[in-house]
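Spelled out, the chains give:
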Amino acid sequence: DAGVIQSPRHEVTEMGQEVTLRCKPISGHDYLFWYRQTMMRGLELLIYFNNNVPIDDSGMPEDRFSAKMPNASFSTLKIQPSEPRDSAVYFCASSLVPGGEQFFGPGTRLTVL
Amino acid sequence: EDKVVQSPLSLVVHEGDTVTLNCSYEVTNFRSLLWYKQEKKAPTFLFMLTSSGIEKKSGRLSSILDKKELFSILNITATQTGDSAVYLCAVGGGGTSYGKLTFGQGTILTVHP
């Protein structure tokens, strides 16, 4: 298996633009997680899905952030409109069992100017 | 709310030294504790612990869990410059935390030659 796949790897955009981050989990993994990592706040869980259903989105910072999982092999995290404080590395991870090992994708480094 | 606290926040040692990293936690219905290593990329899995007192070992790294005192330690013996990284501790719980991991803020380890 190729592991968790994320795209793009780097994104530079201007304030106010829409940003869409993409993730393909490991096949057969029922749990998918979106994290944000910054120096100041560390690794924060934004939202996670089980069997394509959002379970906990309490970490989503505000209404500008939304996430979808239309099928078992694809998820998106959208920021609209983006702001400079959204600059961070966004990781997607998947796991087979609850509370078990999470496999992380390579991350998307987002810079909002 | 689940909580994971790691100490120290940063550590600087010389090659050959032995280090001990600490992780204490508060979680509803503990399921698992995991250690990850993060270099300048995505976190990579080291250990998962579920039972008290049973040491997990991989080469120069070892870890143990104390579910009574709610903490875990990660030991690295004969450190090498390649051990320089951020070490993350995470716990999986039940109840409203079922399915997800709560991460600590990490310990930054720097190993000088």
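It should be noted that the structure appears before, not after, this text.
Residues numbered from 1 in each chain as written. Chains lettered and ligands numbered in written order. Predicted model: local features only at pLDDT ≥ 70, side-chain atom pairs only at ≥ 80, totals over all residues. Heavy atoms only, no water.

Any chance you could explain the overall build of chain A here in plain terms?
Check the secondary structure of chain A and you find zero helices and 11 strands. Listed by position from the N terminus, the elements making up chain A come as β-β-β-β-β-β-β-β-β-β-β. When its C-alpha atoms are laid out on the principal axes, chain A stretches across 35 × 25 × 25 Å. Per-residue burial over chain A gives 50% buried out of 113 residues. Look at the contacts in chain A between residues 6 or more apart in sequence, and 54% of them connect residues 24 or more apart. When the accessible surface of chain A is split by element, carbon and sulfur atoms take 51% of a total near 5500 Å². Averaging the locations of the 10 positively and 13 negatively charged side chains of chain A gives two centres separated by 4 Å. (Helix = DSSP H or I, 4+ residues; strand = E, 2+ residues; numbered from the N terminus. Buried < 20%, exposed > 50% of the residue type's maximum accessible area, 1.4 Å probe, protein only. Contact = heavy atoms within 4.5 Å. Areas by Shrake-Rupley, 256 points an atom, 1.4 Å probe, with all protein chains shown as cover. Lys, Arg positive; Asp, Glu negative; His and termini not counted. Charge placed at Lys NZ, Arg CZ, Asp CG, Glu CD.)

Help me understand the interface of chain A and chain B, please; the structure alone is not making it clear to me.
Interface size is commonly expressed as the accessible surface area that is lost when the partners come together. Each partner contributes residues to the interface: chain A has 17 residues there, and chain B has 18 residues. Approximately 1400 Å² of surface area, both sides summed, lies buried where chain A meets chain B, with 57% of it carried by carbon and sulfur atoms. Linking chain A to chain B there are one salt bridge. Taken together, the links from chain A to chain B amount to five residue pairs in polar contact (both at pLDDT 80 or more). Elements that contribute at least two residues to the side of chain A that touches chain B include exactly β4 (31–38) and β5 (42–50) of chain A. Per-element tally for the side of chain A that touches chain B: the top contributor is β4 of chain A, with four residues. Tallied by class, residues from the side of chain A that touches chain B come to 10 nonpolar, five polar and two charged. (Buried area = accessible area lost by both parts, 1.4 Å probe. Salt bridge = Lys/Arg side-chain N within 4 Å of Asp/Glu carboxyl O. Polar contact = N/O pair within 3.5 Å; in protein donor to acceptor, adjacent residues only side chain to side chain. Nonpolar A, V, L, I, M, F, W, Y, C, P; charged D, E, K, R; others polar.)

Whenever I open this one, the sheet that holds strand β7 (residues 65–71) of chain A confuses me. Can you help?
Two pairing modes exist for strands in a sheet, parallel and antiparallel, and in both the strands are linked by backbone hydrogen bonds. All names here are of chain A. An order of β1-β3-β8-β7 is seen for the four strands of this open sheet, with the pairing classed as antiparallel. The sheet is open, and its two edges are formed by β1 (5–7) and β7, each paired on a single side. Strand after strand, the sheet turns through a mean of 15 degrees between neighbouring axes, direction not considered. Summarising the sheet, β7 and strand β8 (residues 74–79) pair through five bridges and their orientation is antiparallel. Bridge pairing in β8 places phenylalanine 65 opposite isoleucine 79. (Pairing = 2+ DSSP bridges. Axes fitted to C-alpha atoms, helices over the stretch in contact; angles between N-to-C directions.)

I tried to follow the state of the cysteines on my own but got confused; where do I start?
Covalent bonding between the sulfur atoms of two cysteines is what defines a disulfide. All names here are of chain A. Counted by the stated rule, this structure contains two disulfides over all chains. Note on cysteine connectivity: cysteine 23 is disulfide-linked to cysteine 92, with sulfurs 1.9 Å apart. Across the S-S bond linking cysteine 23 and cysteine 92, the dihedral sits near -65 degrees, which makes this disulfide left-handed. Remark: cysteine 92 occurs in strand β9 (residues 88–95) and cysteine 23 occurs in strand β3 (residues 19–24); sequence separation between them is 69 residues. We classify cysteine 92 as buried; its relative accessible area is 0%. (Disulfide = S-S within 2.5 Å.)

What exactly am I supposed to notice about unusual backbone geometry here?
If a residue is not glycine, its phi is most likely negative; likewise, a peptide bond is most likely trans. The step from serine 7 of chain A to proline 8 of chain A runs through a cis peptide bond, and the omega angle for that step is -10 degrees. With respect to the helices and strands, proline 8 of chain A occurs in the loop between β1 and β2 (10–13). Residue proline 8 of chain B is bonded to the preceding serine 7 of chain B through a cis peptide linkage, with omega at -10 degrees. With respect to the helices and strands, proline 8 of chain B occurs in the loop between β1 (3–7) and β2 (10–14). For asparagine 52 of chain A, which is not glycine, the phi dihedral falls at a positive 75 degrees.

How should the pattern of salt bridges be read in this particular structure?
Two side chains that carry opposite charge are able to pair once their charged atoms sit near each other. Residues and elements named next belong to chain A. Inspection of the entire model under this criterion finds 11 salt bridges over all chains. In this structure, the salt-bridge partner of glutamate 83 is arginine 64, at a minimum N-O distance of 3.5 Å. With a gap of 19 residues between them, glutamate 83 in the loop between β8 and β9 and arginine 64 in the loop between β6 (53–56) and β7 connect regions that are remote in the sequence. Residue glutamate 83 is classed as partly exposed on the basis of its relative accessible area, which comes to 23%. The exposure class assigned to arginine 64 is buried, which follows from its relative accessible area of 10%. Arginine 64 is the partner of aspartate 86 in a salt bridge, and the nearest nitrogen-oxygen pair spans 2.6 Å. Pair noted here: aspartate 86 is in the loop between β8 and β9 and arginine 64 is in the loop between β6 and β7, with a separation of 22 residues, a long-range link. The two residues aspartate 86 and arginine 64 agree in class, both being buried. Salt bridges linked by common partners bring Glu62, Arg64, Glu83, Arg85 and Asp86 together as one network.

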